[in-house]
Each structure stands twice: as structure tokens, then as C-alpha cells.
Amino acid sequence: GAGVSQSPRYKVAKRGQDVALRCDPISGHVSLFWYQQALGQGPEFLTYFQNEAQLDKSGLPSDRFFAERPEGSVSTLKIQRTQQEDSAVYLCASSPGTSLGLGEQYFGPGTRLTVT
Amino acid sequence: AQKVTQAQTEISVVEKEDVTLDCVYETRDTTYYLFWYKQPPSGELVFLIRRNSFDEQNEISGRYSWNFQKSTSSFNFTITASQVVDSAVYFCALSEANTGTASKLTFGTGTRLQVTL
């Protein structure tokens with residue numbers, strides 16, 4: 001698989017449940033981003049990792065959102081006590097983080113989360 | 001703060017027509033990157049182009065062309081002789097040009113393009 005993969009592709013959660021969304025970036029990519037895309041809107045930045053370090057989490061909407069990338073590869077976005085307003089598509093993107101690939105991000109297919 | 005505005009919510013054209021998607025941006029950075037992404041119904045964002053703020057040359061790639069005007073803070077995208085397969089949502093995006101590693105993208109709200117026969 002050459003691209004970014006995400007799982008699950010679809011997730012339905014009851015309000016109050018915890019969910020975990022997984023992202024497998026392109027092998028060797030240093031940078032990893034999470035975005036949230038509400039229906040009919042553009043993606044909005046949530047958080048950014050450089051290898052295993054979370055360098056920017058300014059976009060996380062509340063302390064119910066938590067992300068990790070412990071070994072600098074796979075990342076997990078966890079949402080605790082889900083609310084209806086958390087319903088969205090969660091996109092993961094990775095970037096080589098080199099000067100040649102500066103700023104160019106490759107996106108996964110997303111996880112569509114529906115909170116009922 | 002950075003901001004990207006795509007005023008056209010939805011555009012509908014007949015196949016073979018030319019269509020231009022508008023993008024206006026705001027940033028205080030002197031160095032930045034501009035992007036266009038395509039999001040087909042499958043949902044995956046597909047990278048189309050990246051433009052450095054220092055490079056104002058227009059670019060053409062097949063039926064696609066981009067017009068970067070720093071003086072008006074615009075980065076418009078034209079599809080020539082549109083095809084049904086061009087139907088998608090198109091996003092314009094902006095990022096800082098940090099040295100070292102990638103920077104987060106600020107997206108517009110997107111323009112939905114519908115191309116019909």
C-alpha cells in the first residue's frame with residue numbers, strides 16, 4: 001500500500017461512547033496531521049506530529065480529543081464521551097517533511113464518524 | 001490569522017465548457033504556499049498543485065491552469081474543456097512556509113463543480 005490508510009472507514013457511536021480512529025501514514029513520512037471535516041465544509045486542522053512529537057494541538061476542540069503517535073509511525077485519534085457535534089469525517093495526512101516535500105500533504109480516505 | 005475564501009459554493013457547467021474556480025486568501029506571512037485539492041465523491045483529497053508565494057508564474061498542466069495574482073491575493077483555477085470526471089469538490093488551501101517540516105493547511109469551504117453531458 002503506497003498511500004495513507006485509515007480505519008475504520010465508518011464508525012457509528014452512541015453519545016457518550018469513546019472511539020479510536022487509526023491512521024497509517026506513508027512509510028517514512030515524518031509529518032502527520034489530523035483534520036476534521038464537517039458536512040459541506042473544508043477540513044479543519046486538529047493536530048500535528050513530527051515523528052512521535054506532538055508539536056501542535058491547537059485545533060483540538062476540547063480535552064475529550066486526544067491523539068498519539070508513540071513510535072513515530074501509526075497514529076490514533078481518540079475521542080472520549082462522544083457528542084453529536086463530533087460527527088464529521090476525520091482525515092489523516094502525512095508529509096515527507098523534507099525540503100522537497102515541504103507543505104505537500106497526502107491524505108487518507110478518512111473515517112466518517114456518526115454519533116447518535 | 002490565515003483565511004481562505006471560496007465564494008462560489010456550487011458551479012454547474014455543461015461538458016466541454018471552460019470553468020474558473022475562484023480563491024482569495026489572507027495571510028500576514030511573507031512566505032507561504034498555496035494549494036488546490038480535489039475531493040471526488042469517494043472522499044479522498046487529491047493534491048493538484050502547490051505554488052510558492054515567490055513564484056507568480058502561471059502554470060498549466062493539461063486541461064488545468066492556475067492564475068496566481070499576489071497583488072489581489074488570488075489563486076484561481078481554470079479547467080478547460082471540462083469533463084464529467086471533473087465533477088468534484090475543489091478546495092483551495094494555504095500554509096506557512098516553515099523551514100524544516102510541513103505546516104498545517106488552512107482550507108476554504110470548497111466549490112462543488114458539477115459537469116453534465
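Residues numbered from 1 in each chain as written. Chains lettered and ligands numbered in written order. Predicted model: local features only at pLDDT ≥ 70, side-chain atom pairs only at ≥ 80, totals over all residues. Heavy atoms only, no water.

### Considering the interface of chain A and chain B
With 27 residues of chain A in contact, the opposing surface of chain B contributes 21 residues. Counting the surface lost from both chain A and chain B, the interface buries some 1900 Å², and carbon and sulfur atoms represent 53% of this. The interface formed by chain A and chain B contains 1 salt bridge. Where B:Lys104 meets A:Asp56, a salt bridge forms, and the shortest distance between an N and an O atom there is 3.7 Å. For the side of chain A that touches chain B, the secondary structure elements donating two or more residues are strand E4 (31–37), strand E5 (44–50) and strand E9 (88–95) of chain A. It is E4(A) that contributes the most residues to the side of chain A that touches chain B, 4 residues altogether. Looking at the side of chain A that touches chain B residue by residue, the classes come out as 10 nonpolar, 14 polar and 3 charged. (Contact = heavy atoms within 4.5 Å. Buried area = accessible area lost by both parts, 1.4 Å probe. Salt bridge = Lys/Arg side-chain N within 4 Å of Asp/Glu carboxyl O. Helix = DSSP H or I, 4+ residues; strand = E, 2+ residues; numbered from the N terminus. Nonpolar A, V, L, I, M, F, W, Y, C, P; charged D, E, K, R; others polar.)

### Some details on the nonpolar core
Grouped together as the largest cluster of nonpolar side chains are 23 residues, with contacts concentrated most on B:Trp36, B:Phe75, B:Phe77, B:Tyr90 and B:Leu113. The set of elements that each furnish at least two residues to this core consists of strand E2 (10–14), strand E3 (19–21), strand E5 (32–39), strand E8 (64–69), strand E9 (74–79), strand E10 (88–96) and strand E12 (111–116) of chain B. For this core, the leading source of residues is E10(B), giving 4 residues. Among the nonpolar cores identified, the runner-up in size contains 20 residues, and A:Cys23, A:Phe49, A:Phe65 and A:Leu113 belong to it. (Core = buried A, V, L, I, M, F, W, Y, C linked by side-chain atoms within 4.5 Å. Buried < 20%, exposed > 50% of the residue type's maximum accessible area, 1.4 Å probe, protein only.)

### Some words on the layout of surface pockets
Empty space within the largest pocket amounts to approximately 710 Å³. Lining of the largest pocket is provided by 32 residues; of these, A:Gln37, A:Leu39, A:Arg112, B:Gln39 and B:Arg112 occupy positions nearest its centre. Counting residues per element, the ones that place at least two in the lining of the largest pocket are E9 and strand E11 (111–115) of chain A together with E10 and E12 of chain B. A total of 4 residues in the lining of the largest pocket trace back to one element, the largest contributor, which is E12(B). Considered class by class, the residues forming the lining of the largest pocket number 13 nonpolar, 15 polar and 4 charged. Approximately 210 Å³ is the volume attributed to the second largest pocket. Every element with two or more residues in the lining of the second largest pocket is listed here: E5 of chain A together with strand E11 (106–107) of chain B. (1 Å grid on protein atoms, 1.4 Å probe; cavity = no way out; pocket = protein on both sides within 12 Å on 5 of 7 lines; lining within 4 Å. Points joined across faces, edges and corners; volume = space filled by probe spheres on them.)

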